[in-house]
Amino acid sequence: MTAMSDDWAEFAAGLSLEERNSARELVSALRTPLRESIEPESDLVTPLFAARFRASILTQHAFVGTPLVDLTFERAFRESMIASGAQVNNASGNTRRFWDCEINGQRFSLKSTKARGLSRKKAQISKLTEAAWIQDCRTAAARRDKTRELFTTYFASVQRLVQLRYFENDSTYELLEIPLALLKAVHQVPTRCFRAEGPTIGIPVGQIPPDFTLVLDRSDAKVTLRNILVSRCIVHARWEVGPPATPMESPQAP
C-alpha cells in the first residue's frame, strides 16, 4: 500500500458509523454526472479553477440539496480562484462598497440568481447597488447628475462584474461576466430620459434592442439592470448537473 492509502485507511478507521455514512453520501454526490462547457479564452475558468468549482457545485447542489447561490457562490468563487493560484483578498469592514473580493489586484462584484424564468438571451442584476437618493430627487436633472455620480464612483471601485445564473428547469449553472464598458453608456443618457420619478431607460438610448435597461427603483431605493444582452457579455462556463449517481453502499451497524 502507498503512504496515501495508509493515511486514508487510518482516517477511515477513526470514523463513527454515522460519519462513514455521511462520507459515502458526499462521495456519491461528488460522482454525480456534470456536463461542463468552458470558454477556451476565459481568464477566470482555468483547469484548476474548474476542478474546484465543480466540486463546490456538486457538494452544494447534490449533497446539501440547494443551489450554489448567494454566499455559497461567493465562497466557492474565492476558493476556486485560490486553487487556481490567484491572490485573493476579501472585502472587509464598513468601508466596503460595490465589491466583494479583490483578485490579482482587480476588484470583483459577485452576483448570483436562481430566479424562475431566467432568459438564456437576457440577464438581470436585481440590485446593482443601493441608492437612497432616488427617493429624494425631484427633478430630471437631479436624477441624471446623481446617476452619473453613482456610476463614476462604481467604475472607480469595481473592475469586474460577475454573476452566476442557475436555471432550475435543467439544473444548469452559467458563469456570466457583464463588461463594465457596456455600462459606461449611462453617462451619455440625456436629461429627458430621467423625467419619471422611477425611470426605466433602454441604453444606448434609441438602440433597438438596447444593450441593457437601467431602472432607478424608487420603491426599494436601488439601481437595477434588466434585459442585459447575453450576446454582449462573456459566458465563461456552463455546468449542467445530471441525475444523482448511484449511492454507495452504506456499512451496516454492528
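Residues numbered from 1 in each chain as written. Predicted model: local features only at pLDDT ≥ 70, side-chain atom pairs only at ≥ 80, totals over all residues. Heavy atoms only, no water.

1. Overview of the packing of helix α2 (residues 17–30) against helix α3 (residues 47–64)
Thought 1: Here α2 crosses α3 at 120°, and the two axes come no closer than 8 Å. In terms of their interaxial angle, α2 and α3 are classed as oblique. Seen along the crossing, α2 lies across α3 with a hand that is right-handed. For the pair α2 and α3, contact is made by S22, E25, L26, A29 and L30 and by A55, L58, T59, A62 and F63, respectively.
Thought 2: For the contact of α2 with α3, the per-class residue count stands at 7 nonpolar, 2 polar and 1 charged. (Axes fitted to C-alpha atoms, helices over the stretch in contact; angles between N-to-C directions. Helix = DSSP H or I, 4+ residues; strand = E, 2+ residues; numbered from the N terminus. Parallel < 35°, antiparallel > 145°, perpendicular 65-115°, else oblique. Left-handed = near helix turned anticlockwise from the far one by under 90°. Contact = heavy atoms within 4.5 Å. Nonpolar A, V, L, I, M, F, W, Y, C, P; charged D, E, K, R; others polar.)

2. Regarding the sheet that holds strand β8 (residues 200–203)
Thought 1: Strand order in this open sheet of 4 strands is β5-β10-β9-β8, and the pairing throughout is antiparallel. Both outer strands of the open sheet, β5 (122–130) and β8, are each paired with one neighbouring strand and no more. Here the strands of the sheet are splayed against their neighbours by 20° on average, with no regard to which way each runs. (Pairing = 2+ DSSP bridges.)

3. Here we look at the nonpolar core
Thought 1: By size, the foremost hydrophobic cluster in this structure holds 36 residues, and its most contacted members are I178, F212, L214, V223 and I228.
Thought 2: Of all the secondary-structure elements, those providing two or more residues to this core are β5, α5 (140–157), β7 (172–178), α6 (180–183), β8, β9 (212–217) and β10 (222–229).
Thought 3: Here this core gets 5 residues from one element, more than from any other, and that element is α5.
Thought 4: Apart from residues lying up to four places away in sequence, I178 is in contact with I125, L161, Q163, L183, I228 and C233.
Thought 5: Counting residues in each nonpolar core, the second largest holds 27 residues, with I57, I103, L164 and W239 among its members. (Core = buried A, V, L, I, M, F, W, Y, C linked by side-chain atoms within 4.5 Å. Buried < 20%, exposed > 50% of the residue type's maximum accessible area, 1.4 Å probe, protein only.)

4. Topic: the environment of V230
Thought 1: Among the structural elements, V230 can be located in the loop between β10 and β11 (234–241).
Thought 2: On the basis of relative accessibility, which here comes to 9%, the residue V230 falls in the buried class.
Thought 3: C-alpha of V230 to C-alpha of T153: the two residues are 77 residues apart in sequence and 25 Å apart in space.

5. A short note on the environment of A123
Thought 1: Within the secondary structure, A123 is located in strand β5.
Thought 2: In this structure A123 comes out as buried when scored by relative accessible area, which is 3%.
Thought 3: Put simply, A123 and I178 are 55 residues apart on the chain and 9.2 Å apart in space, counted from C-alpha to C-alpha.

6. Thoughts on the packing of aromatic side chains
Thought 1: On inspection of all chains with the given rule, the structure shows 11 aromatic pairs.
Thought 2: Note on F53 and W239: the rings are 4.9 Å apart at their centroids and 45° apart in plane angle, and the pair reads as tilted. Of this pair, F53 sits in helix α3 while W239 sits in strand β11; the two residues are 186 residues apart in sequence, bridging distant segments of the chain.
Thought 3: Three or more aromatic residues joined by ring pairs form one cluster here, namely F49, F53, F73, F77, F108 and W239.
Thought 4: Note that K184 overlies the ring of F155, its terminal NZ or CZ placed 5.4 Å from the centroid. (Phe/Tyr/Trp six-rings, centres within 6.5 Å; stacked < 30°, edge-to-face > 60°. Lys NZ or Arg CZ within 6 Å of the ring centre and 35° of its normal.)

7. Looking at the side chain of H236
Thought 1: As for its position among the elements, H236 is in strand β11.
Thought 2: Each residue touching H236, except ones within four places of it in the same chain, is listed here: S37, I38, E39, S42, D43, L44, V45, R160, L175 and E177.

8. Structural notes on unusual backbone geometry
Thought 1: The omega angle of the peptide bond from I203 to P204 is -5°, so this bond is cis rather than trans.
Thought 2: By the element assignment, P204 lies in the loop between β8 and β9.
Thought 3: Omega for the peptide link from I208 to P209 comes to -10°, which places this bond in the cis form.
Thought 4: Structurally, P209 is set in the loop between β8 and β9.
Thought 5: Of note in this structure, S171 is not a glycine but carries a positive phi near 50°.
Thought 6: Within the fold, S171 resides in the loop between β6 (160–167) and β7.

9. Considering the state of the cysteines
Thought 1: Going through the model one piece at a time under the given rule, you end up with 0 disulfides.
Thought 2: Of all cysteine sulfurs in the structure, the one in C137 sits closest to C193, which takes part in no disulfide; the separation is 16 Å.
Thought 3: Between C233, a cysteine without a disulfide, and C101, which holds the nearest cysteine sulfur, the sulfur-to-sulfur distance is 19 Å. (Disulfide = S-S within 2.5 Å.)

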